[in-house]
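# Notes for the structure review
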Amino acid sequence: MKQWIALSMLLVAALVLLMVPALAEEPETLVPRIRTDEPRFTDTQGVWCEENIKLCWQIGLLAGTSERTFSPENALSKAQVIVIAARLQDLLSGGTGTFQEPEEGEAWYTPALEHFDTVLQMAGITLETPLSEWVEFPVSPKDPACRRELVLLLSAALEASGIKLPAINEAVKIPDSADPAVHAFYQEGILNGMDRYGCFEGSNGLNRGQTAAILARILAPNQRLTFSQKDFQEFDLCRDVIQLDPDMVLFTVDGTDYTVLQYANEIITSADSINHPMHSEPDPEGALRNIREFCTFTIAPVTLAEFVGVSLKETEEAVLLQAAAKKNGYRGLPSNYWAWKDRSELLKNKLEAYYAEQYGGEWNTEELSLNQFLFEEGRCLLESAVLSPNMDKADLSGIERRMREFPESVFH
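Residues numbered from 1 in each chain as written. Predicted model: local features only at pLDDT ≥ 70, side-chain atom pairs only at ≥ 80, totals over all residues. Heavy atoms only, no water.

### Topic: the overall build of the protein chain
Put simply, the rule reads: Numbering goes from the N terminus for both helices and strands, where a helix is a DSSP run of H or I of at least four residues and a strand is a run of E of at least two. Buried, partly exposed and exposed residues are distinguished by accessible area as a fraction of the type maximum, computed with a 1.4 Å probe on protein chains only: under 20%, between the cut-offs, and over 50%, respectively. Note on contacts: a residue pair is in contact if any heavy atoms of the two residues lie within 4.5 Å. Each accessible area is a Shrake-Rupley estimate made with a 1.4 Å probe; only the visible protein chains count as cover when residues are assessed.
When its secondary structure is counted, the protein chain shows 14 helices and three strands. By the burial criterion, 45% of the 412 residues in the protein chain qualify as buried. Excluding contacts between residues fewer than 6 apart, the proportion of contacts in the protein chain whose partners are at least 24 apart in sequence is 71%. Element-wise, carbon and sulfur atoms account for 52% of the exposed surface of the protein chain, whose accessible area totals about 22100 Å².

Structure, rendered in structure tokens:
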């Protein structure tokens, strides 16, 4: 009996020893922690992002503004977000996240910027704005960074490190962003929008606490967000703002009907400039002036391309449709709108290449350019335009008033 009790006590002790490390073990992260103690910040206790800040500090990705303060409400500058992205990339690639001291006369952020820029070039990643231009006149490195800039940089850092986060959410309609990086972060649970529509609000500034939350979700799978489209109120431009049937024909050009859906962005632009003559009362001349740009820059590339025999390859059409599917819901417009609209833009680019080959050194001069061809084609198309009485159903005053009920970012 005594032997049995002794054996039982040994087994219990062994189980306790096995359980202690498991209980003490921190959640898995993409980068190991360099600290295990608690930060001594006095201004983060009880704030919504306290655990996010703790993780970023323990990993060495973010530091405090002093030994005792983190300043979660402080804005981040363009230079600071570049350094954070560079540090993340270095840590994800097995580095220490530290960079050499700036040389005499160099800015404090220069070593990190140059390191990150070199890494991106070696990985074949091109940012829409080169890193150097983020901090060169007329931009100041002290200028506040916006949410979109942070996401583009962090996405580039992940790609340069060869890391693709798993998608844990289905694609959702984001009313104010068509950026692939933003859509990927929603699917990966890094972002979930700023309001009930799921808007990204990319031009908004961001503070240190918000940045810590985004970084923590990248670093720790257990902190990522799960949601679906049903968690957001869907925004539909034609239904909610224009309040006209999207299939209603507004005018005919060269025998082809064009609908409220196709003309939706132009209606919104007119409503945004409420002094435009369309349509507090019937004004065909004003409506035709508005259609002129539509004929020139949306319809003309399609008709010109057809005339000279320029078309999309099957692979280009497939890529176009894939991109349009991802833009479904952007600005409250469906994927078939974006396929139609972006096809016109792509044909415009192909026309530019076609004419450059045809005219050689004479092309894109003061005497000969694509815009000249488009303006001439647009003028001919406008002559064939026939307005529908439905044009007068676009109540610009009402549309402008309803626009104020929705996030401004979905219109600009």
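### A closer look at the nonpolar core
Note the following rule: Nonpolar cores are built from buried Ala, Val, Leu, Ile, Met, Phe, Trp, Tyr and Cys residues. Side-chain atoms within 4.5 Å join them into one set.
In this structure, Leu88, Leu153 and Leu154 are the most contacted members of the largest nonpolar core, which totals 63 residues. Counting residues per element, the ones that place at least two in this core are α2 (50-59), α3 (78-92), α4 (110-122), α5 (147-160), α6 (180-187) and α7 (208-219). By residue number, the principal contributor to this core is α3, which donates 10 residues. When sequence neighbours within four positions are dropped, the list of residues in contact with Leu153 reads Val81, Ile82, Ala85, Phe116, Leu127, Leu131 and Trp134. Phe235, Leu237, Leu351 and Trp363 belong to the second largest nonpolar core, which has 54 residues in total.

### Description of the sheet that holds strand β2 (residues 256-259)
Threshold: Here, strands pair whenever DSSP counts at least two bridges between them.
Across the sheet, which stays open at both edges, the three strands sit in the order β2-β1-β3 with antiparallel pairing between neighbours. Each having just a single partner strand, β2 and β3 (386-387) make up the two edges of the open sheet. The pairing of strand β1 (residues 249-253) with β2 spans four bridges and is antiparallel. From the neighbouring strand, Val253 faces β2, where its bridge partner is Thr256.

### Concerning the state of the cysteines
We count it as follows: Criterion for a disulfide: a pair of cysteine sulfur atoms at a distance within 2.5 Å.
Throughout the structure, instances matching the rule amount to zero disulfides. The thiol sulfur of Cys56 is not disulfide-bonded, and the nearest other cysteine sulfur, from Cys49, lies at 9.5 Å. For Cys56, a relative accessible area of 0% puts it in the buried group.

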